[in-house]
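Examining the three-dimensional arrangement
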Amino acid sequence: MASLKLHVNGEEHLVDVDPETPLLWVLRDTLGLTGTKYSCGMSLCGACTVLLDDEAVRSCVTAASEAVGRKITTIEGLGAKGLHPLQKAWIEEEVPQCGYCQSGQILAAAALLLRNPDPSDADIDEAMSEILCRCGTYGRIRRAIHRAAKEVGRETVR
């Protein structure tokens, strides 16, 4: 066990965990942030995606120690000041069906818009290609990202 200082959603947290504990479990079990979902546990599906210094990472295979000194954003932090443009677009485009993958989808989309505020369909397809949606709402996801990109022009992505 070690005491690790993590910067999550704008707040500092001191957690006593094994440094190799997956970040997913620290977020969910230690900090109670259950918006980040566990699915495959092997970095194959993307349901556990969070932002680490504004880059999409799979929290199921990222050791908590790798996040020390870095900015972690979960779905709870993305909309901390009201609905994020992506969250609004997700609702307006009626993206979720079962909803399980949606926090990972939205955070991967946020990382895309942070580096490319006006993505093409190809940019979106590439950025989102490794986040699996069993319900197959990929067309709605693409439309929601384009809708949110229009909002990003009027406000910041974060």
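Residues numbered from 1 in each chain as written. Predicted model: local features only at pLDDT ≥ 70, side-chain atom pairs only at ≥ 80, totals over all residues. Heavy atoms only, no water.

Some thoughts on the pattern of salt bridges
If you walk through the whole model with that rule in mind, you get eight salt bridges. For Asp 54, the salt bridge is made with Lys 71, and the minimal N-O distance between the two is 3.3 Å. With Asp 54 in the loop between strand 3 (49-52) and strand 4 (55-58) and Lys 71 in strand 5 (residues 71-73), this pair connects stretches of sequence that are 17 residues apart. With a shortest N-O distance of 2.9 Å, Arg 142 and Asp 125 are connected by a salt bridge. Remark: Asp 125 occurs in helix 5 (residues 121-128) and Arg 142 occurs in helix 6 (residues 138-152); sequence separation between them is 17 residues. Judged by its relative accessible area of 37%, Asp 125 is partly exposed. (Salt bridge = Lys/Arg side-chain N within 4 Å of Asp/Glu carboxyl O. Helix = DSSP H or I, 4+ residues; strand = E, 2+ residues; numbered from the N terminus. Buried < 20%, exposed > 50% of the residue type's maximum accessible area, 1.4 Å probe, protein only.)

Focus on the packing of aromatic side chains
Applying the stated rule across the entire model yields one aromatic pair. Centre to centre, the rings of Trp 25 and Tyr 38 are 5.1 Å apart; their planes meet at 40°, and the pair counts as tilted. Of the two residues, Trp 25 is situated in helix 1 (residues 23-30) and Tyr 38 in the loop between helix 1 and strand 3; the sequence distance between them amounts to 13 residues. Take Tyr 38: its relative accessible area is 36%, and that puts it in the partly exposed class. (Phe/Tyr/Trp six-rings, centres within 6.5 Å; stacked < 30°, edge-to-face > 60°.)

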